[in-house]
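Chain residues, written in single-letter form:
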Amino acid sequence: MEQNKNFERQFQVKAYFVFGVAMYIFFYRLISNSMLAQMDRPPFVFGETETVYKLFLLTGIPQFLTSNSFIAALTDISLLIITVTFLMKFKRIFAIIFSILVLNYFLTYNIVTGHHYHGLAGLLVITIPFWFKSEERFNFAWEAVRYYFLYIFASAAMWKIFRGSAFYQDQLSDILKSQQINLLLQNPDIFRAHIAEYLIAHTGISHVILLINVLLQLTFAVGFFT
C-alpha cells in the first residue's frame, strides 16, 4: 500500500512538471503568434517530400483545423482544457488526447510554415509515459524516454563534431539567418530580434555560444553510464 502511495506521489509530481512546462510552451507560442488560430487560414502551398507529412495532408486534418478561425481557436483552447483536466483527474485518456492534439498541432505547424521545426518532439515523447497507469509500465516508459533524450542530445553533439560544423565560425550565424528571417522581417524591434541581429553580426561570439552548446549536449552521454 505504501509503495502504491509513493508511486502515486511520484506520478503526480512528474505530471505537474511535464504538463506545467507544456502550458508554458504553448503560452509562449501564443504570444509568439504561432498557434493555429493565428495562422489565418494558410493555403498549404508548400510541397512535402516526407511520407508522414504527405499522409497527414491526405487525411485533410490540417486543412480542416485551419480552415475556420473558430475551429482553429477551439483546437488551441482544447490543449489548455485537456491539460488542466488531466492534472485534475490524472486519467490516462486525457494524456492520450493531449498527445494526439500536440501531434496534430506539431505536424500542422510544420506544414504551414514549410519548415520542419523539431522543438515540440520532446514534449510529444515525454507525455507518452502518462498513457500508462500501472507503476511497472509507467516506469519502463519513463526510462525509455530518458534514454531517448540522452541519445538526442549526445548524438546532436557528435553529429556537429564529426561533420565539422562545430568548428565553422559562421555556423550559428548562418542558422539564425535562415531560421529567424520571419522574426527579423516582421518584428525587428523586439528583444529577440535584437539578440539574433547581434549574434549574426558578431560571428566570434555566436561561435563560442555554439561550442558551449556542443559541450553541454555532449555531457548527456554520461547519462548512459549512470
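Asker: Which residues make up the overall build of the protein chain, and what are the values?
Answerer: The secondary structure content of the protein chain amounts to 11 helices and 0 strands. Sequence-ordered secondary structure for the protein chain, helices as α and strands as β, is α-α-α-α-α-α-α-α-α-α-α. Counting every position in the protein chain, which comprises 226 residues, the buried fraction comes to 35%. Long-range pairs, those at least 24 residues apart, make up 69% of the contacts in the protein chain with a sequence separation of at least 6. In the form shown here, the protein chain has an accessible surface area of approximately 13,900 Å², with 67% of it arising from carbon and sulfur atoms. If the 16 positive side-chain charges of the protein chain are averaged to one point and the 13 negative ones to another, these points end up 8 Å apart.

Asker: Which residues make up the packing of aromatic side chains, and what values go with them?
Answerer: On inspection of all chains with the given rule, the structure shows 20 aromatic pairs. Look at Phe-11 and Phe-130: their rings are 5.4 Å apart centre to centre, the planes differ by 70°, and that puts the pair in the edge-to-face class. Of this pair, Phe-11 sits in helix 1 (residues 2-31) while Phe-130 sits in the loop between helix 6 (121-126) and helix 7 (135-163); the two residues are 119 residues apart in sequence, bridging distant segments of the chain. Of the two residues, Phe-11 and Phe-130, neither departs from the other in class, the shared state being buried. Put simply, the rings of Phe-7, Phe-11, Tyr-16, Phe-19, Phe-86, Phe-90, Phe-98, Phe-130, Phe-138 and Trp-142 pair up and form one aromatic cluster. The cationic tip of Arg-29 hangs over the ring face of Tyr-109; the distance from NZ or CZ to the ring centre is 4.5 Å. The ring of Tyr-147 carries Arg-146 above its face, with NZ or CZ at 5.1 Å from the centroid.

Asker: Explain helix 10 (residues 191-201) to me, using residue names and the numbers behind them.
Answerer: Among all positions of helix 10, only Ala-193, Ala-196, Leu-199 and Ile-200 are buried. Seen end-on, helix 10 carries its buried residues on one side only, within an arc spanning 130°. What points out from helix 10, more than 90 degrees from its buried face, is the exposed set Phe-191 and Ala-201. Residues of helix 10 that are buried in the fold lie against helix 8 (171-179), helix 9 (181-186) and helix 11 (203-218).

Asker: Residue-level account of the pattern of salt bridges, with values.
Answerer: Taken as a whole, this structure holds 2 salt bridges when the rule is applied. When the shortest N-O distance is used, the salt bridge between Glu-143 and Arg-146 registers 4.0 Å. Here Glu-143 and its partner Arg-146 are both found in helix 7, 3 residues apart, which amounts to about one turn of the helix. Owing to a relative accessible area of 36%, Glu-143 belongs among the partly exposed residues under this scheme. Judged by relative accessible area, which is 28%, Arg-146 ranks as partly exposed. Between Lys-177 and Asp-174 there is a salt bridge whose closest N-O contact spans 3.9 Å. Separated by 3 residues within a single helix, Lys-177 and Asp-174 lie in helix 8, roughly one turn from each other.

Asker: Run through the nonpolar core, naming residues and quoting values.
Answerer: Phe-19, Phe-26, Phe-86, Phe-98 and Phe-130 are the most contacted members of the largest nonpolar core, which has 39 residues in total. It is helix 5 (residues 92-113) that contributes the most residues to this core, 10 residues altogether. The residues contacting Phe-26, other than those within four sequence positions of it, are Met-35, Leu-79, Phe-98, Val-102, Tyr-105 and Leu-123. Residues Leu-172, Leu-183, Ala-193 and Ala-196 belong to the second largest nonpolar core, which totals 9 residues.

Asker: Give me the lowdown on a nonpolar patch on the surface, citing residues and values where you can.
Answerer: Residues Tyr-147, Tyr-148, Tyr-151, Ile-152, Phe-153, Phe-220, Phe-224 and Phe-225 make up a contiguous nonpolar surface patch of about 800 Å² in total accessible area. Its relative accessible area of 32% is what places Phe-220 among the partly exposed residues.

Cut-off values and rules
- Residues numbered from 1 in each chain as written.
- Predicted model: local features only at pLDDT ≥ 70, side-chain atom pairs only at ≥ 80, totals over all residues.
- Heavy atoms only, no water.
- Helix = DSSP H or I, 4+ residues; strand = E, 2+ residues; numbered from the N terminus.
- Buried < 20%, exposed > 50% of the residue type's maximum accessible area, 1.4 Å probe, protein only.
- Contact = heavy atoms within 4.5 Å.
- Areas by Shrake-Rupley, 256 points an atom, 1.4 Å probe, with all protein chains shown as cover.
- Lys, Arg positive; Asp, Glu negative; His and termini not counted.
- Charge placed at Lys NZ, Arg CZ, Asp CG, Glu CD.
- Phe/Tyr/Trp six-rings, centres within 6.5 Å; stacked < 30°, edge-to-face > 60°.
- Lys NZ or Arg CZ within 6 Å of the ring centre and 35° of its normal.
- Arc of directions from axis to C-beta.
- Salt bridge = Lys/Arg side-chain N within 4 Å of Asp/Glu carboxyl O.
- Core = buried A, V, L, I, M, F, W, Y, C linked by side-chain atoms within 4.5 Å.
- Patch = residues over 30% accessible without salt bridge, like charges linked within 9 Å, V, L, I, M, F, W, Y side chains within 5 Å.

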